[in-house]
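In case you want the letters, here they are:
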Amino acid sequence: MARKKLFQYVGKTPIIPISAKILTIFIILLLLSNFMTNLLSINLSQKQKNVLTNQLLVNELKEMYITAGNQYQIYSYSKNKDECIEALKKSAASTFTMDNSCALAFDRTGKILFFTSNNGRTLDSFNDKEVLDKLNKDFDEGINQGSVSFDFGAGEYFGIYKYHNDWNCFIVRAELRSDTKREMYTVILISAAIIFGLTIVFLFVGLIVMNKIFGNVKAITKKLYDMQERQQLEVINIDDAPNDDITYLAASFNSLSVSVNNLLTTFRKFVSKDVVNKAYSNHAISLEGNQRELTMLFSDIKSFTYRTETLGNEIIDVLNVHYNKVIHAVHEATGVVGSIIGDAILAVFGTELSNAEKSVKSIDAAWAITNATAELREKMAERRAVIEKKRKLTASELRVYEAVLLDVGVGIDGGTVFYGNIGSDEHMANTVIGDNVNSASRLEGLTRVYHLPVIVSDYIKKESETVTDRYKFFEIDTVQVKGKTEGKKIFFPMDTEVEGSEELEEKFKVFADALKAYYKGDWSKARKLFKQANMEVCEVFLERMGRKSAPAKWSGIWTMTTK
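The text that follows walks through the structure, step by step, so that each part is easy to find. Just so we're clear, the structure is a prediction, and the values are computed from it rather than from any experiment. (Residues numbered from 1 in each chain as written. Predicted model: local features only at pLDDT ≥ 70, side-chain atom pairs only at ≥ 80, totals over all residues. Heavy atoms only, no water.)

Quick word on the overall build of the protein chain
Here is step 1 of the chain: Helices and strands together make up the secondary structure of the protein chain, namely 16 helices and 16 strands.
Here is step 2 of the chain: Of all 563 residues assigned to the protein chain, the portion counted as buried reaches 38%.
Here is step 3 of the chain: Considering only contacts within the protein chain whose residues lie at least 6 apart along the sequence, 63% involve residues at least 24 apart.
Here is step 4 of the chain: Approximately 33300 Å² of the protein chain is accessible, and the part contributed by carbon and sulfur atoms is 55%. (Helix = DSSP H or I, 4+ residues; strand = E, 2+ residues; numbered from the N terminus. Buried < 20%, exposed > 50% of the residue type's maximum accessible area, 1.4 Å probe, protein only. Contact = heavy atoms within 4.5 Å. Areas by Shrake-Rupley, 256 points an atom, 1.4 Å probe, with all protein chains shown as cover.)

Okay, structure coming up:
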């Protein structure tokens, strides 16, 4: 049988009923009031007792001082020091009233002249050096009497002292501080026990009364807790609720529930997850943004114009099937969708937690998008095979078939960009702006040139290599895209966990040697190695070089004439 929980929970957080809070506050105030009143009374009594104790110690020290003077006179005649000291101890002990009362005398070096205590303790020397130094300092300054606190291992003592010139020592009458407080602690414990006992009785009575009064609140809040768990607004049943202000609040909630639920569902579909989270936590969205270190992924459908002309309005259905998988891949990799423009999608990584892992996540998403598109092509090929077992496709059907065989390119770059909300108070959009965003789009365009599904920048390569060795990065080329004045290295991120990666890696090693020769201007050697690598990307370089030699002042940078 499952154990019943005392409180409702939202996640791991207990939600305490308002009746319990009111009762708890009342009990705490009652406890504090009674306890503080008793404590104040006891402390005042203890303070008065301490004053009387100090006065008593002063009087007893006077008697000890006079006795010490008398005994010194006797010692001067009899020369029997031990007998005089013993008389002093007996005289001091006769005034003891507490378990650890003590009297002692010691010279300025700490040597004990005599020590007597009610607990039978013995003492060879006064070993509280800090106190001894203080007494000696005061003595040198002309102060030979006063109060003193010391500790020689049995706890803190407090008392009165006076220097006796005949015996050349400090005479002290003291009491253990804990002895004076013991009685106070006993009274406090007894008072506390009585207070807590009465409080427990009041607590049970209060719980019964509060549960009766706030029964309606409990039923309503339980329903609200259930809604919170499911993240869905519903109507609260108030048919049997009493006619009070709490029921009125529940009725008002019900009138808003349906419309808010619809708006919330719509809101979640049109904005990115981090914007929803921010709106949920801040209860508002404003025009704001800042510089962030983010990773941008740009994916575009190849030959989209041809597909649109062929499919007409049905291209929307194809796009929805495609984006359903693409957006899921982005979200699975903790990315957010920045924008969807026709056949292209921009995804952003690192908006919630900006670290080096964001680049790895973007590559994960890139390959998930590529694989999802490949799976869709495989399904269409299987569908074609089923149909062609019965008949051949017509020319128009073949055009439609080719149009739905979607293929995408993915470009990824990262760096410092502006990320936030722009627009006006009437309409705003969450966006990312920066040169690295444009660069991701350009890299996606290069996938068509180099016949590769994914191309990334040097930024993505370096950041990913600090996190994982799953992806091996092979340099493809150094390109100066249109609108830029400097060349930029581009890379292919090979997934080492997929089938055939070892064979592909061997080919890319040959490709890397070919690329080195290409950069150095040894195009003859580069042509041989590119042919040996035997990859589709090599055809780009073979076509680029033709049978020519490297041009004069060859820098190894290829300038693109189109975006």
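Continuing now.
Structural notes on the packing of helix α14 (residues 501–520) against helix α16 (residues 536–545)
Here is step 1 of the chain: Close contact between α14 and α16 brings their axes to 12 Å; oriented N to C, the two are set at 20°. The angle between α14 and α16 places the two elements in the roughly parallel class. Viewed along their axes, α14 and α16 form a crossing whose handedness is left-handed. Touching F511, L515 and Y518 of α14 are V537, C538, F541, R544 and M545, all from α16.
Here is step 2 of the chain: Here the contact of α14 with α16 is built from residues that sort into seven nonpolar, no polar and one charged. (Axes fitted to C-alpha atoms, helices over the stretch in contact; angles between N-to-C directions. Parallel < 35°, antiparallel > 145°, perpendicular 65-115°, else oblique. Left-handed = near helix turned anticlockwise from the far one by under 90°. Nonpolar A, V, L, I, M, F, W, Y, C, P; charged D, E, K, R; others polar.)

Let's talk about a nonpolar patch on the surface
Here is step 1 of the chain: A cluster of nonpolar side chains, I190, I194, L198, V201, F202, V205 and V209, forms an exposed patch at the surface whose accessible area comes to about 640 Å².
Here is step 2 of the chain: Topologically, V205 is positioned in helix α4 (residues 177–213).
Here is step 3 of the chain: A relative accessible area of 48% places V205 in the partly exposed class. (Patch = residues over 30% accessible without salt bridge, like charges linked within 9 Å, V, L, I, M, F, W, Y side chains within 5 Å. Salt bridge = Lys/Arg side-chain N within 4 Å of Asp/Glu carboxyl O.)

Regarding the packing of aromatic side chains
Here is step 1 of the chain: In total, this model carries 25 aromatic pairs according to the counting rule given.
Here is step 2 of the chain: Ring geometry for Y518 and Y519: centres 6.0 Å apart, planes at 45°, overall tilted.
Here is step 3 of the chain: Given the relative accessible area of 0%, Y518 is considered buried.
Here is step 4 of the chain: An aromatic cluster is built from W367, Y450, F474, F492, F508, F511, Y518, Y519, W523, F530, F541 and W554, whose rings are joined through pairwise contacts.
Here is step 5 of the chain: When the ring centre of F541 is taken as reference, the NZ or CZ atom of R544 above it lies at 5.0 Å. (Phe/Tyr/Trp six-rings, centres within 6.5 Å; stacked < 30°, edge-to-face > 60°. Lys NZ or Arg CZ within 6 Å of the ring centre and 35° of its normal.)

Focus on the sheet that holds strand β5 (residues 145–151)
Here is step 1 of the chain: Judged by pairing direction, the sheet is antiparallel, and its five strands sit side by side in the order β4-β3-β7-β6-β5 without closing on themselves. Two strands lie at the open edges of the sheet, namely β4 (112–117) and β5, each paired on one side alone. Across the sheet, the mean angle from the axis of one strand to that of its neighbour is 25°, orientation sign disregarded.
Here is step 2 of the chain: For strand β6 (residues 156–164) and strand β7 (residues 169–176), the ladder comprises eight bridges, and the chain directions are antiparallel. Looking across to β7, one finds that G159 is bridged to A174.
Here is step 3 of the chain: Its contacts with the sheet put helix α2 (residues 81–93) on β3 (102–106) and β4, and the angle it makes with β4 is roughly 35°. (Pairing = 2+ DSSP bridges.)

What to know about the environment of T496
Here is step 1 of the chain: Relative to the helices and strands, T496 is located in the loop between β15 (488–495) and α14.
Here is step 2 of the chain: As a C-alpha pair, T496 and Y471 span 25 residues in sequence and 5.9 Å in three-dimensional space.
Here is step 3 of the chain: When residues no more than four places from it in sequence are discounted, the contact partners of T496 are D469, R470, K472 and S501.
Here is step 4 of the chain: At 2.5 Å, the side chain of T496 forms a polar contact with the backbone oxygen of R470. (Polar contact = N/O pair within 3.5 Å; in protein donor to acceptor, adjacent residues only side chain to side chain.)

Quick look at the packing of helix α15 (residues 523–533) against α16
Here is step 1 of the chain: One can describe the packing of α15 onto α16 by two numbers: an axis separation of 9 Å at closest approach and a directional angle of 150°. On the basis of the axis angle, α15 is roughly antiparallel to α16. When the axes of α15 and α16 are compared, the crossing they make is left-handed. Counted together, W523, A526, R527, F530, K531 and A533 of α15 and C538, F541, L542 and M545 of α16 form the full contact between these two elements.

Some points on the environment of R470
Here is step 1 of the chain: Looking at the element boundaries, R470 is found in the loop between α13 (458–465) and β14 (471–480).
Here is step 2 of the chain: If sequence neighbours within four positions are ignored, R470 has contacts with D364, M494, D495, T496 and E497.

By themselves, these observations are geometric and do not establish any function.
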